[in-house]
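# A look at the structure
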Amino acid sequence: MNPVALNLSGIDPELDDIELNLFVSAMRQRHGYDFAQYAPASLKRRVYQLVEQHRTSNISTLTGRLLHDPTFLPQVLEGLSVPVSDMFRDPPVFRALRDQVLPALSVYPRITIWQAGCARGQEIYSLAILLEEAGLYDRCQIYATDFNDAALRQAREGIYPAREAQAWSRNYQAAGGTCSLADYYSARYDFIKLDQRLRRNVVFADHNLVTDAVFCEAQLVLCRNVLIYFSNPLQNRVLAMFRDSLLPGGFLCLGLRENLALALAARDFEALDSSLRLFRRCPEPVHDHEGG
C-alpha cells in the first residue's frame, strides 16, 4: 500500500491532525494565509487532494515543499480555494436578482456591487449580462475579489471551455435571459471568450475574506458557496463584514447551502427570499459588534 493511501485510510487520525496543523501553521507563518478557521473536514479533504495531486507521501512532505519552494504556493492556493462555478448557476437566484433586486437598485444614480470569492469569474459575467439587459450596467462599478491569483487571471481573461456553453445557455434562459447567450461570447477552437464589454466596469482585485477588512461600500454584495468552507466563528466575522459593507437597504446574496439565520449579523437583515438566500440590510440595523 502506498503512503498516500495509508494516510487517506485514516489509520492514524491523530498523526493526520498533527500534520494538518503544521501545514496550516506553515501557510500562516511563511505566506500569511490563515486557514485555521476553515471547516476542518473540508480543509483536510482538500489538503489530501493536494497530497495525491502532487504525489507526495504525506502532508508533512507537502508542508516541507511549501516552506522551501516559493513557486509552490500558487498551486496550493489553487487547490484550497475551490474556484468552481458556472454561468447563471442556480438560475432561480439570477431570476430573482433580475426581477426583484435590480429594479430596487435602479433608483440609484451610481451602483456599487461587490462579489466576494469571484473564483474564475463566471458569476461576475452572469451578473454583468443581467445589468446590461436591465440597462443598468453603465451606472455600475463592480468589484470582483478573490485570494486565488490564478483564478483571478482567468476571470480577467474571460476564456472558458466551449463544452460548458450549452449548459450555460440553458441556465441563462432559465434565469430569464432576453437574448441568446451566444450574443455575449465568441467561439474559437475549443474555447469561448466572453465579450470585453462585459468587464468594462469590473475591477478584479485580491482580497482575503479571512484576514482582510471591508473592501467597499456597496448596494449589493454577493458571496455564493464560500461560507460553507468556513467555521461558524469565521462565518460570523465575514457576515458582519458584509453587513458593514452594505448601505442600509442594500442586498446580500449567499449560496443555496448557506444560511444567515444563526449568524450574529442576522438581526440586521430581513429575508427577501430565504429559500434563494437573498437578504436585505435593515434600514436601521442593530449592531452586535461581537465577531464583527
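Keep in mind it's a predicted model, so treat the numbers as computed, not measured.

## Points about the pattern of salt bridges
Under the defined criterion, the tally for this structure stands at 11 salt bridges. Arg224 is the salt-bridge partner of Glu123, the closest N and O atoms lying 2.6 Å from each other. Of this pair, Glu123 sits in helix H7 (residues 122–133) while Arg224 is found in the loop between strand S7 (218–223) and helix H10 (232–245), placing the two residues 101 residues apart along the sequence. The pair Glu123 / Arg224 is uniform in exposure class, with both members buried. Its salt-bridge partner being Arg200, residue Asp138 comes within 2.7 Å of it at the nearest N-O pair. With Asp138 in the loop between H7 and strand S2 (140–146) and Arg200 in the loop between strand S5 (191–194) and strand S6 (202–206), this residue pair connects regions lying 62 residues apart in the sequence. Through salt bridges with shared partners, a single network forms among Asp90, Glu123 and Arg224.

## Here we look at the pairing of strand S1 (residues 111–116)
Of all 6 residues that make up S1, 6 are buried, and the element is covered over most of its length. The alternating pattern of S1 places Ile111, Ile113 and Gln115 on one face and Thr112, Trp114 and Ala116 on the opposite face, and all of these are buried. The sheet contact formed by S1 and S2 spans 6 bridges and is parallel. Bridging across to S2, Thr112 finds its partner in Gln141. Where the polypeptide runs from S1 across H7 and back to S2, its parallel neighbour, the crossover connection is right-handed. Pairing analysis gives 3 bridges linking S1 to S7, with the strands arranged parallel. Within the sheet, the bridge partner assigned to Trp114 lies in S7 and is Val221.

## A look at the sheet that holds S7
Across the sheet, 7 strands lie side by side as S6-S2-S1-S7-S8-S10-S9; this open sheet has mixed pairing. Each edge of the sheet is formed by a strand with only one pairing partner; in this case those strands are S6 and strand S9 (269–273). Direction aside, the axes of adjacent strands within the sheet are offset by 20° on average. Contacts from H10 reach S1, S7, strand S8 (246–254), S9 and strand S10 (278–281) within the one sheet, and its direction differs from that of S8 by about 140°.

## Digging into helix H6 (residues 91–105)
Spanning 15 residues, H6 covers 20 Å between terminal C-alpha atoms, matching the ideal 21 Å at 1.5 Å per step. Roughly 35° is the biggest bend found in H6, and it falls at Leu97. The complete set of buried residues in H6 reads Pro91, Val93, Phe94, Ala96, Leu97, Arg98, Val101, Leu102 and Leu105.

## Regarding the sheet that holds strand S3 (residues 159–161)
Strand order in the open sheet formed by 3 strands is S3-S5-S4, and the pairing between neighbours is antiparallel. For this open sheet the edge positions go to S3 and strand S4 (185–188), each flanked by a neighbour on one side alone. Direction aside, neighbouring strands of the sheet carry axes that sit 30° apart on average.

## Some remarks on helix H3 (residues 40–53)
An α-helix turns once per 3.6 residues; consequently, residues spaced three or four apart project the same way. Spanning 14 residues, H3 covers 20 Å between terminal C-alpha atoms, matching the ideal 20 Å at 1.5 Å per step. Arg55 lies just past H3 and shows a positive phi near 55°.

## A word on unusual backbone geometry
A positive phi is found at Phe88, a non-glycine position, where the angle reads about 55°. Within the secondary structure layout, Phe88 lies in the loop between helix H5 (73–80) and H6. Non-glycine residue Arg277 carries a positive phi angle of around 60°. Mapped onto the fold, Arg277 is located in the loop between S9 and S10. For Arg277, a relative accessible area of 16% gives the class buried.

Parameters at a glance
Residues numbered from 1 in each chain as written. Predicted model: local features only at pLDDT ≥ 70, side-chain atom pairs only at ≥ 80, totals over all residues. Heavy atoms only, no water. Salt bridge = Lys/Arg side-chain N within 4 Å of Asp/Glu carboxyl O. Helix = DSSP H or I, 4+ residues; strand = E, 2+ residues; numbered from the N terminus. Buried < 20%, exposed > 50% of the residue type's maximum accessible area, 1.4 Å probe, protein only. Pairing = 2+ DSSP bridges. Right-handed = clockwise from strand over helix to strand, strands pointing away. Axes fitted to C-alpha atoms, helices over the stretch in contact; angles between N-to-C directions. Contact = heavy atoms within 4.5 Å. Expected span 1.5 Å × (residues − 1). Bend = angle between axes of the 7 residues up to and from the residue.

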